[in-house]
Amino acid sequence: MNGLPPQTDAVVEWGIRASLLTYMAGAPDFEVETSGRATFSLPAGARMTGRVDEHGVLRLDGSVVLRAHVGALLVPLIDVRIDGRALTIADPASSEGSHDVRLALVDLVAPEIVESDTGVVMFGTRLASTADALFMYNYLPGSDFDPLRIRFNES
């Protein structure tokens, strides 16, 4: 699947990676920051809403930022976009926090589950080759992360 169904509202649910979240939550300074309608919980992970644009790119509203170890470990789900091939975020290393510079966080694996009658697509996710530094090289590119579920609603 290249691109997602244009002009469609969607809800994304992503557990990120259970072992990473367990590790982060064990840090005494673990914190979660959400904005917009985005939510986060340890059992469920991140939940964000958005809309697919005319080019088939799902742009999610709000953000979820996870921090531990005085910010040395950071998962910044900011300006999240999904195009059917990858989930990208605003590159946290870009100057002035520009949202124009993108970082591929995870690559999407061909949909494992497609429920066309309910409008649900589930992708496997693997750490993108550009994102291993974000996790202090503790995960190799291609490492499995949790599945990503997208529920589409025609509008």
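In this convention, every chain numbers its residues from 1, walking through the sequence in written order. In keeping with the model being predicted, local features are shown solely for residues with a pLDDT of at least 70 and side-chain atom pairs are shown and tallied solely at 80 or more, while totals for entire chains, interfaces and linings include all residues. Side-chain calculation: all heavy atoms of the structure are included, whereas hydrogens and water are not.

A.B. asks: Quick question: what am I supposed to make of the environment of R81 here?
C.D. replies: Strands here are runs of E lasting at least two residues and helices are runs of H or I lasting at least four, both read from the DSSP assignment and numbered beginning at the N terminus. With respect to the helices and strands, R81 occurs in strand β8 (residues 81-82). Sequence separation of R81 and R51 is 30 residues, and the distance between their C-alpha atoms is 9.8 Å. Polar contacts, as used here, are pairs of N or O atoms within 3.5 Å; protein pairs need one atom able to donate a hydrogen and one able to accept it. Residues neighboring in sequence count only if both atoms are side-chain atoms. Only 3.1 Å separates the side chain of R81 from the side chain of D79, close enough to count as a polar contact.

A.B. asks: Help me out: how do you make sense of unusual backbone geometry in this one?
C.D. replies: Trans peptide bonds make up the majority, and among non-glycine residues the majority have a negative phi. If you check the backbone angles, Q7 has positive phi at about 55 degrees while not being a glycine. Turning to its location among the elements, Q7 is positioned in the segment before β1 (8-14). Its identity is not glycine, yet D79 carries a phi of approximately 55 degrees, on the positive side. Its place among the elements puts D79 in the loop between β7 (73-77) and β8.

A.B. asks: Is there a simple way to explain the packing of aromatic side chains in this structure?
C.D. replies: Two numbers describe a pair of aromatic rings. These are the distance of the centres and the angle of the planes. Stacked, edge-to-face and tilted are the three classes for Phe, Tyr and Trp ring pairs, Trp counted by its six-membered ring, which pair at centre distances within 6.5 Å; planes under 30 degrees apart are stacked, over 60 edge-to-face, the rest tilted. The tally for this structure, following the rule as stated, stands at three aromatic pairs. Taking the centre distance of 5.6 Å and the plane angle of 55 degrees together, the rings of F135 and F145 count as tilted. With a gap of 10 residues between them, F135 in the loop between β11 (120-127) and β12 (144-154) and F145 in strand β12 connect regions that are remote in the sequence. Taken as a pair, F135 and F145 share a single burial class, namely buried. By way of ring pairs, the aromatic residues F135, Y139 and F145 are connected into one cluster. Relative accessibility under 20% of the residue-type maximum defines a buried residue, over 50% an exposed one, and the middle range a partly exposed one, all with a 1.4 Å probe and only protein chains included.

A.B. asks: I tried to follow the pairing of strand β6 (residues 63-68) on my own but got confused; where do I start?
C.D. replies: Each regular strand displays side chains that alternate between the two surfaces of the sheet. In terms of burial, β6 is largely enclosed, as five of its six residues are buried. Here five bridges tie strand β2 (residues 31-35) to β6, and the two strands are oriented antiparallel to one another. Directly across from V32, in β6, lies its bridge partner L66. Each pair of strands is called paired provided DSSP finds at least two bridges between the two strands. As defined by bridge partners, β6 adjoins β7 across five bridges and the pair is classed as antiparallel. What sits directly across from A68, in β7, is L73. Hairpin geometry of β6 and β7 is characterised by an intervening segment of four residues between the two adjacent antiparallel strands and by a positive phi of about 55 degrees at H69.

A.B. asks: Before we go on, may I ask you to explain empty space enclosed by the protein in this structure?
C.D. replies: Think of a ball as big as a water molecule: rolled over the atoms, this probe shows where empty space is left. The method works on a 1 Å grid over the protein atoms by themselves. A cavity is a set of points holding a 1.4 Å probe that cannot get out, a pocket is an open set with protein on both sides within 12 Å along at least five of seven lines, and residues with an atom within 4 Å of a point line them. Grid points are joined across faces, edges and corners, and a volume is the space filled by probe spheres set on the points. Under the counting rule described, the total for this entry stands at one cavity of 30 Å³ or more. Empty space within the largest cavity amounts to approximately 50 Å³. Taken together, V12, W14, A46, R47, M48, L60, L77, V80 and L87 form the lining of the largest cavity. Those elements giving two or more residues to the lining of the largest cavity turn out to be β1 and β4 (45-52). If you tally residues by element for the lining of the largest cavity, the top one is β4, at three residues. For the lining of the largest cavity, the per-class residue count stands at eight nonpolar, no polar and one charged. In this count, Pro and Cys sit with the nonpolar residues alongside Ala, Val, Leu, Ile, Met, Phe, Trp and Tyr, while Asp, Glu, Lys and Arg are called charged and the others, Gly among them, polar.

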